[in-house]
Amino acid sequence: MADLVGPRLYSCCNCRNHVALHDDIISKSFQGRNGRAFLFSHVMNVTVGRKEDRQLMTGLHTVADVCCYDCREVLGWKYERAYEETQKYKEGKFILEKSKIVKENW
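Residues numbered from 1 in each chain as written. Predicted model: local features only at pLDDT ≥ 70, side-chain atom pairs only at ≥ 80, totals over all residues. Heavy atoms only, no water.

Novice: Is there a simple way to think about the nonpolar core in this case?
Specialist: Note on soluble globular proteins: their nonpolar side chains tend to be buried together. Core analysis: the biggest nonpolar cluster contains 15 residues, and Tyr10, Val19, Phe40, Val43, Leu75, Leu96 and Ile101 have the highest contact counts within it. Mapped by element, the contributors of at least two residues to this core are strand 1 (9-12), strand 2 (18-21), strand 4 (35-40), strand 6 (59-68) and strand 8 (94-97). Setting aside residues no more than four positions away along its own chain, Leu96 makes contact with Val19, Ala20, Ala37, Phe38, Phe40, Val43, Leu75 and Ile101. If you look at the next biggest cluster of nonpolar residues, it comprises eight residues, including Leu39, Leu56, Tyr79 and Ile95. (Core = buried A, V, L, I, M, F, W, Y, C linked by side-chain atoms within 4.5 Å. Buried < 20%, exposed > 50% of the residue type's maximum accessible area, 1.4 Å probe, protein only. Helix = DSSP H or I, 4+ residues; strand = E, 2+ residues; numbered from the N terminus. Contact = heavy atoms within 4.5 Å.)

The following block contains the structure:
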């Protein structure tokens, strides 16, 4: 009989709190503050901080830091608003930095 395996997850690198599902990755080709980052459609077990305007590589965006709900580690950010038309697809989506998450159930 085959072992049942749960969904592939990403967890906080600090406390192992589950923060995202692999199936919710939109792109692995993003840049975070500290290297590569993934764009997710949804995340879980996080808190979203205060909105602020930031000049990113792709232009001006309104973003809010995303922190692990358990340990408060900053994992990335949420795109609240994109000012350039070509970047609107990011609105409501989340960046999680690869260096801040670990794989679970792989």
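Okay, back to it.
Novice: Is there a simple way to think about a positive patch on the surface in this case?
Specialist: Judged by side-chain charge, Arg8, Lys28, Arg36, Lys98 and Lys103 come together as a positively charged surface patch. Relative to the helices and strands, Lys98 is located in the loop between strand 8 and strand 9 (101-104). (Patch = residues over 30% accessible without salt bridge, like charges linked within 9 Å, V, L, I, M, F, W, Y side chains within 5 Å. Areas by Shrake-Rupley, 256 points an atom, 1.4 Å probe, with all protein chains shown as cover. Salt bridge = Lys/Arg side-chain N within 4 Å of Asp/Glu carboxyl O. Lys, Arg positive; Asp, Glu negative; His and termini not counted. Charge placed at Lys NZ, Arg CZ, Asp CG, Glu CD.)

Novice: Honestly, the pairing of strand 4 in this entry has me stumped. Any pointers?
Specialist: In regular strands, side chains alternate between the two faces of the sheet. Counting buried positions over the six residues of strand 4 gives five, a clear majority of the element. Bridge count for strand 3 (residues 25-32) against strand 4 is five bridges, and the pairing is antiparallel. Counted as the bridge partner of Gly32 is Gly35 from strand 4. Taken together, strand 3 and the strand that follows it, strand 4, pair antiparallel across an intervening segment of two residues. Examined bridge by bridge, strand 4 and strand 8 share four bridges and lie antiparallel to one another. Within the sheet, the bridge partner assigned to Ala37 lies in strand 8 and is Glu97. (Pairing = 2+ DSSP bridges.)

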